[in-house]
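Each chain, written out:
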Amino acid sequence: ALLFDEKDHPLNPPEHPGSDDDPGVMGINYRCEPMPERLKIKNDPAHIFSSFVYSDPATPILETYPGEPVRIRLLDGAHEEQHVFNIEGLPWRKEITDPVSPLVQAQTIGISEAFNIHIDEPYAAGDYLYYSGGIDDLWLGLWGIIRAYAVPREDLLPLCGFRPVAAPQLPPPGAVVRKFEIAAIQKDLIYNRFGDHDPEGLLFVSLDQARDVLCGCKKPIPLILRVNAGDWIEVTLHNLFDPDKPIQFNGYPSVPVDFPHVPGDRVSLSPQFLKFDPVASSGVNVGYNPVEQTAGPGECVRYLWHADREYGTCLLTSFGDLRNHRHHGLFGTVIVEPAGAKHYDSICPVEENHKEEAVIAAPGVETFREFVLFAHNGIRLLDKDGNLIKTTEQGGEMGGHGAPDHEDTGEKGYNYRSERFFNRLKHIPVIHKVFDSKVHGDPVTPLFQAYTSERVMIRLLMPADKPRNISFALHGHRWKAQPEDPFTNTVPIQGTVSVGNVFNIEPEPANCPGDYLYRSGSLRWDVESGMWGIFRVMSRGVRYHCEGT
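The structure contained in this document is the topic of the report that follows. Keep in mind that this is a model prediction, so the values were computed, not measured. Counting from 1, residues in each chain are numbered in the order their sequence is written. Confidence filtering applies because this is a predicted model: local features only for residues at pLDDT of at least 70, side-chain atom pairs given and counted only at 80 or more, and all residues used for totals across whole chains, interfaces and linings. The basis for every side-chain value is the complete set of non-hydrogen atoms in the structure, without hydrogens or water.

1. Overview of the overall build of the protein chain
Starting at the N terminus, helices and strands are each numbered in turn, a helix being any DSSP run of H or I of at least four residues and a strand any DSSP run of E of at least two. Check the secondary structure of the protein chain and you find eight helices and 37 strands. Seen through its C-alpha atoms, the protein chain measures out along the principal axes to roughly 70 × 60 × 50 Å. For the exposure calls, accessible area comes from a 1.4 Å probe over protein chains only, and a residue counts as buried if that area is under 20% of its type's maximum, exposed if over 50%, partly exposed in between. Expressed as a percentage of the 549 residues in the protein chain, the buried residues total 58%. Here, two residues are considered to be in contact whenever any of their heavy atoms come within 4.5 Å of each other. Taking the contacts inside the protein chain whose residues are at least 6 apart along the sequence as the reference set, 75% of them involve residues at least 24 apart. Of the roughly 22,400 Å² of accessible surface on the protein chain, a fraction of 54% belongs to carbon and sulfur atoms. The method behind every accessible area is Shrake-Rupley, applied with a 1.4 Å probe, and residues are considered shielded solely by the protein chains displayed.

Okay, structure coming up:
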């Protein structure tokens, strides 16, 4: 049983400037393991969860043996905010009694809520990280370890009738192995045509495209890897960070009980859902797993994962330095398509399609148009003059919000792009025209285009960074809350979206051409900070020649 709680802490000033409801320290079962306390012992963000470096955390160590079913009773006891519970490497069914409910690796939880998490998927021996995904919660100590022992122990009796599960084997002869060479780079990320930018942007790119992205010849987007169900995935991650351009510590976006320190320069890739050896290919240095999972500047690290089924959207997270990297854009996704699928870019199938849009065709599956949408917050943006942007504090006494909570600091956007109201209204101060492309032109956020009656799939994920929940609305459309369940609710908005949540949204086909607004459900701060875009439905289509269909 894991009980989330929030309490004051001696490190936290009794009154935090500008906020009257920020927690002191997050705890689990009256225990916490704050990251700043560990960094005071040794400044090693890439090994912040490593028991070799810091010893085991004070939070509960959940002990088991490989293959045993695990039941986690998750509760939020006190006292004011929502969280999102993540487990690295161990998925579970969202609805425990529904065999067609989607697999998840993150559960949003609010005050007085409780959830039963049933882990019945096979898992191998090793240490697994559980944590609250928002950086504020994680920073304050809301994390721990699930430990699956390789050999029996006298102090832990195994469950009767269950045999240990071995680590994932190497691909058998004839298996499809998709190999990706990925680079982590530093790049000034331009979020819109008004000059809002993150001069300290960090991102993953395909290694063969790194030079074009760095020189500005290719527009940067978050990393998107497409594979098919049944594929093995071999990823070699190269750290191309410049040793002469060290990553800077920034106090904004802020976290409670902050502790200025030297940011790390190591990177990693950790996937949701995919099968892997937790000791060798998890992408996170946790507990007593002995194999180094991160790469420093000039180094590379190799991972082997297995897409054993059609998962759809799988988040990729870097655990090199969550506090200082993720809000700058260091994240990505693996999308596991149907078995035998062809990934089309325009009208030709391509082996490696890393774009935000694709046409997916597979035997026995209705061809669909796919859009990938990363919703992220806590972004550090400067305007064209180099001034720090703080949308939540704009306006002063004439409609301003005052100083926000920590979890509301930072800007919002999609796929390294943002269309803030401030910029549009400064140009033409007419609020009812703020979404009008005839007045302002199309927004810089992803413009997704389809034709009437086409099947569409939206791969929505929230990779970073603050714990404040958002939502996703698509005007004029609705979809099944759980795509594979015929008895699920039909909804027009997906709520409780927080860090680590992913969704495969299939809107009902549009019959009426036109422009449809997509956005966060929160008009203040989210939408006005730029978290909105356009889904354009057109009346005439293009025929695709799809092999094998």
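That shown, we press on.
2. Describing the side chain of Arg323
Within the secondary structure, Arg323 is located in helix α5 (residues 322-325). Judged by its relative accessible area of 3%, Arg323 falls in the buried class. In terms of polar contacts, Arg323 uses its side chain to reach the side chain of Asp258, at 2.9 Å. Throughout this description, a polar contact denotes any pair of N or O atoms lying within 3.5 Å of each other; where both atoms belong to protein, one of them has to be capable of donating a hydrogen while the other can accept it, and for residues adjacent in sequence the pair is counted only when both atoms sit in side chains.

3. Considering the layout of surface pockets
Using a grid of 1 Å spacing that covers the protein atoms alone, one calls a set of points a cavity when a 1.4 Å probe fits there but cannot get out, and a pocket when the set is open and has protein on both sides within 12 Å along at least five of seven lines; lining residues are those with an atom within 4 Å of a point. Grid points are joined across faces, edges and corners, and a volume is the space filled by probe spheres set on the points. Of the volumes computed, that of the largest pocket is approximately 1,200 Å³. Taken together, the residues of the lining of the largest pocket sort by class into 21 nonpolar, 15 polar and 12 charged. For this classification, Asp, Glu, Lys and Arg are treated as charged, while Ala, Val, Leu, Ile, Met, Phe, Trp, Tyr, Cys and Pro are nonpolar and the rest, including Gly, are polar.

4. Considerations on the sheet that holds strand β13 (residues 177-186)
Sheet strands pair by backbone hydrogen bonding; their relative direction is either parallel or antiparallel. Read from one edge to the other, the open sheet built from four strands follows the order β16-β13-β18-β21, with strand pairing classed as mixed. Whereas interior strands pair on both sides, the edge strands pair on one side only; in this sheet they are β16 (202-206) and β21 (300-306). Each strand of the sheet is rotated relative to its neighbour by a mean of 25°, with strand direction disregarded. The criterion for strand pairing is that DSSP finds at least two bridges linking the strands in question. Relative to strand β18 (residues 232-239), β13 is paired through eight bridges, and the arrangement is parallel. Note on β18: the bridge partner recorded for Glu181 is Thr236. What counts as an axis is a line fitted to C-alpha atoms, over the stretch in contact for a helix, and the angles between N-to-C directions run from 0 to 180 degrees.

5. Quick look at the side chain of His238
Within the secondary structure, His238 sits in strand β18. According to the relative accessible area criterion, His238 is buried, its value standing at 18%. Sequence-distant contacts of His238, that is, excluding residues within four places in its chain, are made with Glu181, Ile182, Ala183, Ala184, Leu207, Glu299 and Cys300.

6. Things to note about the nonpolar core
Side-chain atoms within 4.5 Å are what join buried Ala, Val, Leu, Ile, Met, Phe, Trp, Tyr and Cys residues into a set we call a nonpolar core. By size, the foremost hydrophobic cluster in this structure holds 53 residues, and its most contacted members are Ile182, Ile233, Leu269, Leu274, Trp305, Val334 and Val336. Ranked by the residues each element gives to this core, the list is headed by β13, at five residues. Among the nonpolar cores identified, the runner-up in size contains 41 residues, and Phe85, Ala124, Leu129 and Ile145 belong to it.

7. A closer look at the environment of Glu200
Note that Glu200 resides in the loop between β15 (197-198) and β16. Remark: the alpha-carbon pair of Glu200 and Ala184, spanning 16 residues in sequence, is separated by 13 Å. Apart from the residues lying within four places of it in its own chain, the contact partners of Glu200 are Lys187, Gln248, Asn250, His328 and Arg380.

8. Some remarks on the packing of aromatic side chains
What counts as a ring pair is set by centres within 6.5 Å for rings of Phe, Tyr and Trp (its six-membered ring), and what kind of pair is set by the plane angle: stacked under 30 degrees, edge-to-face over 60, tilted for all other angles. Tallying each qualifying case throughout the model produces 20 aromatic pairs. Ring centres 6.4 Å apart and planes at 45° place the aromatic pair Phe85 and Trp92 in the tilted group. There is no split in this pair, since Phe85 and Trp92 are both buried. Residues Phe472 and Trp479 carry aromatic rings whose centres are separated by 6.1 Å and whose planes lie at 45° to one another, so their mutual orientation is tilted. Judged by its relative accessible area of 3%, Phe472 is buried. The exposure class assigned to Trp479 is buried, which follows from its relative accessible area of 1%. Three or more aromatic residues link up through ring pairs in this structure, and these residues are Phe371, Tyr414, Phe448, Phe472, Trp479, Tyr518 and Phe535. For a ring to carry a charge above it, either NZ of a lysine or CZ of an arginine must fall within 6 Å of the ring centroid while also lying within 35 degrees of the normal to the ring plane. One residue, Arg323, lies across the ring of Trp139, its end atom 5.5 Å from the ring centre. The ring of Tyr252 has Lys390 lying over it, and the distance from NZ or CZ to the ring centre is 4.7 Å.

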